[in-house]
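# Per-entry structural report
Below are the chains, spelled out letter by letter.
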Amino acid sequence: MPFSILGLIPPLVRAATDLGFSVPTPIQLATIPAILQGRDVQGCAQTGSGKTAAYGMPLLQNLHASPAQRPRRVRVLVLVPTRELAAQVGEMLRSLGQQLTPALKLAVVFGGVSINPQMMGLRGGADLLIATPGRLLDLVAHNAVTLSAVQTLVLDEADRLLDLGFAEELGRVLALLPEKRQNLLFSATFATGVQTLADQLLADPLRVEVPATEHNEPIILQRVIQVDAPQRTPLLRHLIKDHGWTRVLVFVATKYAAELVAEKLYKTGIFAAPFHGNLSQGARSQVLAEFKDERWEVVVTTDLAARGLDIAQLPVVVNYDLPRSPTDYLHRIGRTGRAGASGVALSFVSADTEAHFRLIERRQHLSLPREQIPGFEPNQTEPASAGDPASAPGTGGVKGKRPSKKDKLRVAATADATLKQLHA
Ligand code: AMP
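Remember, it's a predicted structure, so these values are computed and weren't measured experimentally. (Residues numbered from 1 in each chain as written. Predicted model: local features only at pLDDT ≥ 70, side-chain atom pairs only at ≥ 80, totals over all residues. Heavy atoms only, no water.)

### Focus on the site of the ligand
Around the ligand sit 15 residues, and of these Val23, Gln28, Gly48, Gly50 and Thr52 come closest. The separation between an oxygen atom of the ligand and a polar main-chain atom of Gly50 is 2.7 Å. Its free accessible area being 500 Å², the ligand has 88% of it covered by the protein chains. (Near = heavy atom within 4 Å. Polar contact = N/O pair within 3.5 Å; in protein donor to acceptor, adjacent residues only side chain to side chain. Areas by Shrake-Rupley, 256 points an atom, 1.4 Å probe, with all protein chains shown as cover.)

### Considerations on helix α2 (residues 26-36)
Every buried residue of α2 is accounted for by Pro26, Ile27, Gln28, Thr31, Ile32, Ala34 and Ile35. Structurally, α2 contributes buried residues whose contacts are with β1 (41-44), α3 (51-65), β6 (182-187) and β7 (206-209). Residue Gly38 follows α2 closely and has a positive phi angle near 90°. (Buried < 20%, exposed > 50% of the residue type's maximum accessible area, 1.4 Å probe, protein only. Helix = DSSP H or I, 4+ residues; strand = E, 2+ residues; numbered from the N terminus. Contact = heavy atoms within 4.5 Å.)

### A closer look at unusual backbone geometry
In this model, Thr101 is joined to Pro102 through a cis peptide bond whose omega is -5°. Structurally, Pro102 is set in the loop between α4 (83-97) and β3 (106-109). Notably, Glu294 is not glycine yet its phi reads approximately 65°, a positive angle. As for its position among the elements, Glu294 is in the loop between α12 (281-292) and β11 (298-301). Residues other than glycine seldom take positive phi values, yet His365 does so here, at roughly 55°. Its location among the elements puts His365 in the loop between α14 (354-363) and β14 (370-371). Residue His365 is classed as exposed on the basis of its relative accessible area, which comes to 73%.

### Observations concerning the packing of helix α6 (residues 133-141) against helix α8 (residues 167-175)
Close contact between α6 and α8 brings their axes to 9 Å; oriented N to C, the two are set at 40°. On the basis of their axis angle, the class for α6 and α8 is oblique. In this structure, α6 meets α8 at a crossing whose hand is left-handed. Contacts from Pro133, Gly134, Leu136 and Leu137 of α6 reach α8 at Glu169, Arg172 and Val173. Of the residues assigned to the contact of α6 with α8, the class counts are 4 nonpolar, 1 polar and 2 charged. (Axes fitted to C-alpha atoms, helices over the stretch in contact; angles between N-to-C directions. Parallel < 35°, antiparallel > 145°, perpendicular 65-115°, else oblique. Left-handed = near helix turned anticlockwise from the far one by under 90°. Nonpolar A, V, L, I, M, F, W, Y, C, P; charged D, E, K, R; others polar.)

Written out as structure tokens, the structure is:
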């Protein structure tokens with residue numbers, strides 16, 4: 001079924017075609033007509049389902065249909081939890097809207113960078129604003145933007161907005177919006193907090209859930225490779241060369257490990273860059289842009305990049321260090337196999353981390369075969385420290401959601417262990 005059947009105008013259909021979107025994904029099929037009609041929507045869909053275009057295309061069309069006031073005032077507000085997601089949504093909506101005339105003005109604002117260029121960018125107003133809540137409130141406080149003309153509010157990744165402690169800021173933003181408006185709420189899960197928010201916000205919404213069994217579910221081949229911890233970098237290098245992989249996202253436990261693994265790969269002739277929270281926002285954006293342009297073959301990252309990021313057709317994700325929780329495992333491997341494309345997720349498991357991986361498998365109802373790669377067969381068969389799987393190095397345990405003091409100490413110890421292995 002082509003996009004035009006959903007009631008979208010030719011410039012948007014053409015832009016979608018140019019992006020390689022030939023048929024709508026299930027969430028797009030379900031929500032585009034309703035959003036065009038001005039209905040509220042509650043969408044339960046993972047990043048990767050095509051949800052950005054699902055709300056972006058009809059909202060761009062609605063904006064296009066009603067002429068901009070002078071000066072322009074924000075009519076569509078998209079709230080997102082992270083800078084990365086803000087940039088990514090901005091990029092997608094710009095691409096989708098680029099064939100519209102007269103052109104709509106989009107602005108993207110987020111914290112962690114200087115506010116002045118964003119204030120300049122908002123001079124003369126904007127039709128659609130994509131923002132993280134904290135920076136948006138700062139801009140309102142500076143009189144750089146007013147929200148009194150907002151007709152549609154989108155909460156993208158509402159579960160993360162709440163997880164990251166934005167509830168209070170969200171409340172302050174909502175208080176600045178006109179009461180009568182369209183509300184769209186997208187979330188990967190509908191945990192209690194999100195459902196309460198949805199109940200408060202949405203009026204007679206269309207509820208759409210894209211079940212995990214839909215055909216747009218990413219096809220991810222999950223492989224588990226047994227290897228001694230000190231052999232992980234040589235094995236990674238071997239696999240990259242052997243398979244000719246050119247876009248690999250590698251997850252490690254610490255920022256320091258990200259630096260070191262990237263450096264070790266780089267020294268052996270693989271274009272690898274680190275990506276973590278100690279880099280400036282500018283450096284992070286640059287690494288991502290260059291990774292997307294295939295200038296970097298490998299990005300070695302902490303869990304900072306595990307959620308929300310969309311790098312189209314990322315074929316390989318590697319758990320060099322295992323994730324701390326089973327949920328993080330899903331978020332990490334979800335970086336590959338986007339929008340129906342297939343991908344490979346590799347996890348390196350040693351005698352020390354085997355028990356932790358089994359726990360992840362149990363929680364995710366998985367049972368994956370273990371592989372060994374010739375030349376990299378493990379020598380260590382018993383864990384160095386037997387007992388509690390949560391104390392396995394490189395994992396950090398799986399107790400609560402937020403790291404406890406004990407967890408932080410354990411991560412520090414893991415960093416030390418990883419460093420010793422890397423220097424070995
Ligand atoms: P999202 O869920 O919005 O993060 O989108 C995930 C990925 O799906 C992005 O890389 C989009 O470019 C891609 N995508 C969105 N809609 C479609 C479509 N109809 N067909 C193919 N790919 C799509």
